Amino acid sequence: MKTAPLSVELDLFKLTPHKYMNKKGYDMKLFDLDSAFRFTFAAATVGVLVTAPMAALAGDKALVPAKKFDLSHWNITVPTDADSNKKVDTVSVKKLKKYSHPDYFYLDDQDRMLFAAPNRALTTPNSSNTRSELRYMLRGKNTKIKTHSAANNFAVQARKDSDKFGSVGGRMDATLHVDHVATRAGDPSTKAAYSAVVGQIHAVKYDNTSSGFGYGNEPLKIYYKKFPDHETGSVFWTYERNLAKSDDDRTDIAYPVWGNTWENFADPRAQGIALGEEFSYTVNVHKNTMHLTFSHPTRATVVFSINLANNVDAYGTVDELDNKYSYGGDSLYFKAGIYNQCSTKKGGGLWYAGCPGTGDWETDKANGDYAQATFSKLTVGPSTPPEYD
């Protein structure tokens, strides 16, 4: 018997990971939050339990990060395949305005922006690591400007055509805490095991690298790493020598902020940062130099500077193995969120820790096979003269 649409409002408080509604013989997970939220749906048929589709939940206004953060120039890559094209999903700047995901990207009960990524899920073509990660788009919603074009990225001042770029340099500020990193690894000796990246600068990959640039490397990755039996974890950052992938000298050089780098497996204890402990970073690329500032409510501020147009490292030493002009001929962009470094791929070395994962979010979350970070601040704007020399 058909009736007029029935409007139903539900209050769900402190849901467990096993709260489900059923329709047509299958279960659909609702949410896994500790805060209250509400949604409405219309039922056209009496006697049938109607499920709110996941897409509707993903757009729940109370949970959309763009309601509290300025995401007008960001897109996001999430470890899903909503359109079943066997490719990881990227949500455009335009659609991000109304987007959230109940597992991987949403506002928590304090209006902070939460990012999560399981060990096993779809990845981007050039990586074996999953991510829930924002990518800054200087073009905003103007899709007439291509993603990899100069107008959508920034360059250092030394680049001859830097005036054609969306900006010369730029500044990203973030305040966050890491909630979780993967707790299991097939090869714990792999440097990237038990770690995640929470901010980075990436270079655009060129079709033609004869200029000595365009390898798609990363002048900056900000890491958090914590062994499962350690009291605290370490915050450090890496600079990747800007060389071809086939070059044996291409590697990531780590600099400690709080605790250790990935070469040191000792528990940093009081020198480290605990899960849930808030810290901030500023990435300020001014003219040719990347100035990094790491701050904490009760600790001394830690600063670094490295010129991205020559091969002098962050300690002031010439690195003869690096590109002579560093990233001086590259197109660059900011990224922020959670980039899980516990790859399910085996092989050891720097990256392939063989971390377990099933591909089912509830199972992987229960097993600790994921990474998660929560941001209370994220802004991007023009570069500023450095506060610290």
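What comes next concerns the included structure. The residue numbering used here restarts from 1 in each chain and proceeds along that chain's sequence as written. Totals for whole chains, interfaces and linings use all residues, but because this is a predicted model, local features are given only for residues with pLDDT of at least 70 and pairs of side-chain atoms are given and counted only at 80 or more. Only hydrogens and water are set aside; all other atoms, that is, all heavy atoms of the structure, feed into the side-chain values.

1. A few points about the pairing of strand S16 (residues 252–258)
Consideration 1: Of all seven residues in S16, five are buried; the element is thus mostly enclosed.
Consideration 2: Relative to S16, strand S15 (residues 234–240) runs antiparallel, the two sharing six bridges. Each residue of the ladder has a partner; that of Trp237, found in S16, is Tyr255. Only protein chains enter the accessibility calculation, which uses a 1.4 Å probe; a residue is then buried when its area is under 20% of its type maximum, exposed when over 50%, and partly exposed in between. Strands here are runs of E lasting at least two residues and helices are runs of H or I lasting at least four, both read from the DSSP assignment and numbered beginning at the N terminus. In this scheme, strands are said to pair when DSSP sees at least two bridges between them.

2. Remarks on the packing of aromatic side chains
The relation between two aromatic rings is expressed through the spacing of the ring centres and the mutual angle of the planes.
Consideration 1: Aromatic pairing here means that ring centres of Phe, Tyr or Trp (its six-membered ring) are within 6.5 Å. Orientation follows from the plane angle: under 30 degrees is stacked, over 60 is edge-to-face, and everything else is tilted. Counted according to the given criterion, the structure contains 20 aromatic pairs.
Consideration 2: Of the aromatic side chains, those joined through ring pairs into one cluster are Tyr99, Phe105, Phe115 and Phe375.
Consideration 3: Only when the NZ of Lys or the CZ of Arg is both within 6 Å of the ring centre and within 35 degrees of the ring normal is a charge said to sit over the ring. A cation over an aromatic ring shows up here: Lys345 above the ring of Tyr352, its NZ or CZ 4.5 Å from the ring centre.

3. Description of the environment of Phe294
Consideration 1: If you trace the backbone, Phe294 turns up in strand S18 (residues 289–296).
Consideration 2: Considered as a pair, Phe294 and Thr175 are 119 residues apart in the sequence and their alpha carbons are 9.8 Å apart.
Consideration 3: Contact between two residues is taken to exist if any of their heavy atoms lie within 4.5 Å; hydrogens are not considered. The residues contacting Phe294, other than those within four sequence positions of it, are Ile222, Trp237, Val257, Trp258, Ser280, Tyr281, Ala300, Thr301, Val302 and Phe304.

4. Comments concerning the state of the cysteines
Consideration 1: In what follows, a disulfide is any cysteine sulfur pair within 2.5 Å. Taken as a whole and assessed by the stated rule, the structure comprises one disulfide.
Consideration 2: Each disulfide pairs two cysteine sulfurs, and for Cys342 the partner residue is Cys355, the sulfurs being separated by 1.9 Å. Given an S-S torsion of about -70°, the disulfide between Cys342 and Cys355 has left-handed geometry. With Cys342 in the loop between strand S20 (332–340) and strand S21 (346–348) and Cys355 in the loop between strand S22 (352–353) and helix H3 (361–367), this pair connects stretches of sequence that are 13 residues apart. Just as Cys342 is buried, Cys355 falls in that class too.

5. Re empty space enclosed by the protein
Space left empty within the atom packing is revealed by a probe, the size of a water molecule, rolled over the atoms.
Consideration 1: Cavities and pockets are defined on a 1 Å grid built over the protein atoms alone: a cavity is a set of grid points where a 1.4 Å probe fits but cannot escape, while a pocket is an open set with protein on both sides within 12 Å along at least five of seven lines, and lining residues are those with an atom within 4 Å of any such point. Grid points are joined across faces, edges and corners, and a volume is the space filled by probe spheres set on the points. Within the structure shown, the criterion is met by three cavities of 30 Å³ or more.
Consideration 2: Empty space within the largest cavity amounts to approximately 50 Å³.
Consideration 3: Every residue lining the largest cavity is listed: Lys225, Phe227, His230, Ser234, Asn260, Thr261, Asn264, Ala266 and Pro268.
Consideration 4: There is about 50 Å³ of room inside the second largest cavity.
Consideration 5: Taken together, Tyr239, Ile253, Tyr255, Ile306, Asn311, Val312, Asp313, Asp319 and Asp322 make up the lining of the second largest cavity.
Consideration 6: Note on residue categories: nonpolar means Ala, Val, Leu, Ile, Met, Phe, Trp, Tyr, Cys or Pro, charged means Asp, Glu, Lys or Arg, and polar means any other residue, Gly included. In terms of residue class, the lining of the second largest cavity is built from five nonpolar, one polar and three charged.

6. Examining the nonpolar core
Consideration 1: Among buried residues, the Ala, Val, Leu, Ile, Met, Phe, Trp, Tyr and Cys ones that are joined through side-chain atoms within 4.5 Å form a nonpolar core. Counting 57 residues, the largest nonpolar core has Trp74, Trp237, Tyr281, Val283, Met290, Phe294 and Phe375 as the members making the most contacts within it.
Consideration 2: Counting residues in hydrophobic clusters, the runner-up holds eight residues, among them Tyr194, Cys342, Ala353 and Cys355.

7. A closer look at the side chain of Thr374
Consideration 1: By the element assignment, Thr374 lies in strand S23 (residues 370–381).
Consideration 2: Polar contacts, as counted here, are pairs of nitrogen or oxygen atoms within 3.5 Å of one another; within protein the pair requires one atom able to donate a hydrogen and one able to accept it, and residues that are adjacent in sequence qualify only if both atoms are side-chain atoms. Only 2.6 Å separates the side chain of Thr374 from the side chain of Asp179, close enough to count as a polar contact.
Consideration 3: Excluding anything up to four places from it in sequence, Thr374 contacts Asp108, Arg112, Met113, Leu114, Thr175, Leu176, His177 and Asp179.

8. A look at unusual backbone geometry
One can expect most non-glycine residues to show negative phi and most peptide bonds to be in trans.
Consideration 1: At Arg269, a position not held by glycine, the phi torsion is positive, near 45°.
Consideration 2: Position of Arg269 among the secondary structure elements: in the loop between S16 and strand S17 (279–286).
Consideration 3: The backbone of Lys287 sits at a positive phi, close to 60°, despite the residue not being glycine.

9. Observations concerning the side chain of Glu240
Consideration 1: Here Glu240 is to be found in strand S15.
Consideration 2: Among the polar contacts listed, one links the side chain of Glu240 to the side chain of Arg250, at a separation of 3.3 Å.
Consideration 3: Glu240 has contacts with Asn217, Glu218, Pro219, Arg250, Thr251, Asp252 and Tyr327, leaving out every residue within four places of it along the chain.

10. A few points about the sheet that holds S17
The strands making up a sheet associate through backbone hydrogen bonding, with each pair oriented either parallel or antiparallel.
Consideration 1: Strand order in the open sheet formed by seven strands is S7-S8-S23-S12-S17-S18-S19, with antiparallel pairing between adjacent strands. Of all the strands in the sheet, the pair left with one neighbour each is strand S7 (105–107) and strand S19 (299–307). Ignoring strand direction, the axes of neighbouring strands in this sheet form an average angle of 25°.
Consideration 2: Inspection of the sheet shows S18 paired to S19 by seven bridges, in the antiparallel sense. In the sheet register, Phe294 faces S19, and the bridge partner there is Val302. To obtain each axis, a line is fitted to C-alpha atoms, and for helices this fit is confined to the stretch in contact; angles are then taken between N-to-C directions over 0 to 180 degrees.

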